Amino acid sequence: MIGYVTLEEAKKWLSERYDIKSLSDEKLTKALYRAFDKIEQIPVRYKGEGEKIFPRKGEQEVPFLVKMAQMLEAYDIVMGKEEGQAQMLNGITSKSIGDMSVSYDKSKKMGLASFSNSQAAQILKRFERKSY
């Protein structure tokens, strides 16, 4: 088990959606660990009492959405999209050239973690503890 999923579970789920034939098991394993580490940094409501934050109190097993977020984030990490995301989060919120401008989405940051995959970030926002 790598965080919330097994390598085989991740390979099966990702292969149904993306072309992962060129990905090595070693790279995907490392990416799954990094994605798991990011998820563990999120301030989650009703955090679990074990070593991991999921399953939360009152849940018997890890929600599939959390597993899906880990696999999506790992895929973006292994495909090299994490480095581009890091550039966007280093204080640059938008850039203008002539009459064209690009704004970067800051909503991929939760707690201390910055996610490369926007879908994974949106999924995990459902579980985030909010304090105002």
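Residues numbered from 1 in each chain as written. Predicted model: local features only at pLDDT ≥ 70, side-chain atom pairs only at ≥ 80, totals over all residues. Heavy atoms only, no water.

**Some words on the pattern of salt bridges**
- Counted according to the given criterion, the structure contains 9 salt bridges.
- Of the charged contacts, one joins Arg17 and Glu16 as a salt bridge, the two residues approaching to 3.3 Å between their closest N and O atoms.
- Between Glu128 and Lys125 there is a salt bridge, with the nearest N and O atoms lying 4.0 Å from each other.
- Overall, Glu128 belongs to the buried group, its relative accessible area being 12%.
- A relative accessible area of 24% means that Lys125 is categorised as partly exposed.
- In this structure, a network of salt bridges that share partners links the residues Lys12, Glu16 and Arg17. (Salt bridge = Lys/Arg side-chain N within 4 Å of Asp/Glu carboxyl O. Buried < 20%, exposed > 50% of the residue type's maximum accessible area, 1.4 Å probe, protein only.)

**Focus on the confidence of the model for the protein**
- Mean pLDDT for the protein: 87, with 86% of residues reaching 70 or above.
- Averaged pLDDT values over the elements of the protein bottom out at 57 in helix 4 (residues 81–89) and peak at 98 in helix 1 (residues 7–15). (pLDDT = per-residue confidence, 0-100. Helix = DSSP H or I, 4+ residues; strand = E, 2+ residues; numbered from the N terminus.)

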